[in-house]
Amino acid sequence: MSLKAGIVGLPNVGKSTLFNAITKKNILAANYPFATIEPNVGIVIVPDKRLDTLTEIYHPERTIPTAYEFTDIAGLVKGASTGEGLGNKFLSHIREVDAIVEVVRCFDDSNIIHVENGIDPIRDIEIINLELSLSDLEIINSRIDKIKKKAETNRDKEAMSEYEILKKVKSSLENGYALRRIDFTKEEKNYLKSFNLLTAKPIIYLANVLEDELASDNDYVKKVIEYAKNENSRVIKICAKMESDLSDLSENDKKEMLNAVGIEESGLDMLIKETYDLLGLETYFTAGKDEVRAWTYKKGMNAKECAGIIHSDFEKGFIKAEIMSYDDLVNYGSELRVKEAGKTRLEGKDYLMQDGDICYFRFNI
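These figures come from a predicted structure and were not determined experimentally. (Residues numbered from 1 in each chain as written. Predicted model: local features only at pLDDT ≥ 70, side-chain atom pairs only at ≥ 80, totals over all residues. Heavy atoms only, no water.)

Novice: Please provide a residue-by-residue account of the nonpolar core, values included.
Specialist: Core analysis: the biggest nonpolar cluster contains 56 residues, and L18, F70 and L271 have the highest contact counts within it. Sequence-distant contacts of L18, defined by excluding residues within four places in its chain, comprise I7, V103, L206, I238, A240, L268 and L271. In terms of nonpolar packing, the next biggest core, distinct from the first, is built from 18 residues, I140, A159, Y163 and F184 among them. (Core = buried A, V, L, I, M, F, W, Y, C linked by side-chain atoms within 4.5 Å. Buried < 20%, exposed > 50% of the residue type's maximum accessible area, 1.4 Å probe, protein only. Contact = heavy atoms within 4.5 Å.)

Novice: Any chance you could break down unusual backbone geometry for me, citing the residues and the numbers?
Specialist: Residues apart from glycine generally show negative phi values, whereas peptide bonds are mostly found in trans. Phi is positive for N12, close to 65 degrees, though the residue is something other than glycine. On the basis of relative accessibility, which here comes to 13%, the residue N12 falls in the buried class. Despite not being glycine, H59 has its phi angle at roughly 50 degrees, a positive value. Here H59 shows up in the loop between α2 (49–58) and β3 (62–64). Judged by its relative accessible area of 64%, H59 is exposed. (Helix = DSSP H or I, 4+ residues; strand = E, 2+ residues; numbered from the N terminus.)

Novice: Pulling in residues and values, what's your account of the sheet that holds strand β5 (residues 99–105)?
Specialist: Spatially, the six strands line up as an open sheet ordered β2-β4-β1-β5-β6-β7, and their pairing is mixed. Either end of the sheet is taken by a strand with one partner, and the two such strands are β2 (40–45) and β7 (234–238). Neighbour-to-neighbour, the strand axes of this sheet turn through a mean angle of 25 degrees, independent of strand direction. Pairing of β2 with strand β4 (residues 67–72) involves six bridges; the strand directions are antiparallel. Looking across to β4, one finds that V41 is bridged to T71. Running at roughly 145 degrees to β5, helix α4 (residues 121–152) makes contact with β1 (4–8), β5 and β6 (203–208) of the sheet. Contacts between helix α10 (residues 267–278) and the sheet are confined to β1, β2, β4, β5, β6 and β7, with β7 contributing the most and set at about 165 degrees to the helix. (Pairing = 2+ DSSP bridges. Axes fitted to C-alpha atoms, helices over the stretch in contact; angles between N-to-C directions.)

Novice: I'd like to hear about α10, residue by residue, with values.
Specialist: Taking 1.5 Å per residue, 12 residues should reach 16 Å; α10 reaches 16 Å between its end C-alpha atoms and fits that length. Among the residues of α10, G267, L268, D269, L271, I272, T275, Y276 and L278 are the ones counted as buried. One or two positions beyond α10, positive phi appears at G280, with a value near 70 degrees. (Expected span 1.5 Å × (residues − 1).)

Here it is as structure tokens:
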């Protein structure tokens, strides 16, 4: 299952430094606007301690965690929606992601220039969000121009229905409301899906701070938290520079460094987990002597659909899913004991997969 989160923000807020830490790739992270021109894509591993336990139980030849893509998108600037700073090209890259991670500078440092010549996280957020809204509005207005006559003059039923949805979207955008804040019906959501609208995507605000500001919230971070509350979005505090340093350390050294600054979990681990949750994702497992593997699926998917994540043939020829829970396996200590306790079950195609299910799919082609 291909899932993507895109890192966006103004130039020089720490996006590429953060991306380097996530993927441990040597991406250009220069102190000037547009250091990143093409989007850089990296595969991000989702931390899951359950995989370690399953590996201890099964002793497989290989263990494969679940992962998804993080895309580092070049810095946006005011006027991006009209092409400023190669903005249109960058905005098109954002349309391809499932969720947005907006990096916001929440620290003072005279050695790092700011494209707006001063630190103001709310201004920065609103610059980015306005450009995303203007880009969406351009798409909506273009579609309205094409169907307005058909809806108003010809009274075409389908066009009239579409026109009403578009007017609702247009009004929301013009009044400064990101589409993620609007309650759309299921039918409206299905219709709008094809437009891939930027402001409809779920968002996490990533407050980038200095290392000595991680243990408590500075005034900049407090403003971001308050802003995010009003649109029911999430905020994670992070020091991109420290995360870059942490990515090169062993697990023990990493824990020592985190303890030294008074935090238990790295910002990156929190970001990965929060983004995974934001996208409505969960994990099921397949396990055996050859391989222990985590698989990503969307909440609400049934057993047949989840089988198709492994291979389309599994879905086409689906018969049953033999399932036990991770908790039962840990409780009883082995697959055999789970079966002896009657905790293994056969589920049909309509069974809704649960996070932590360990599955063996029966199929026939």
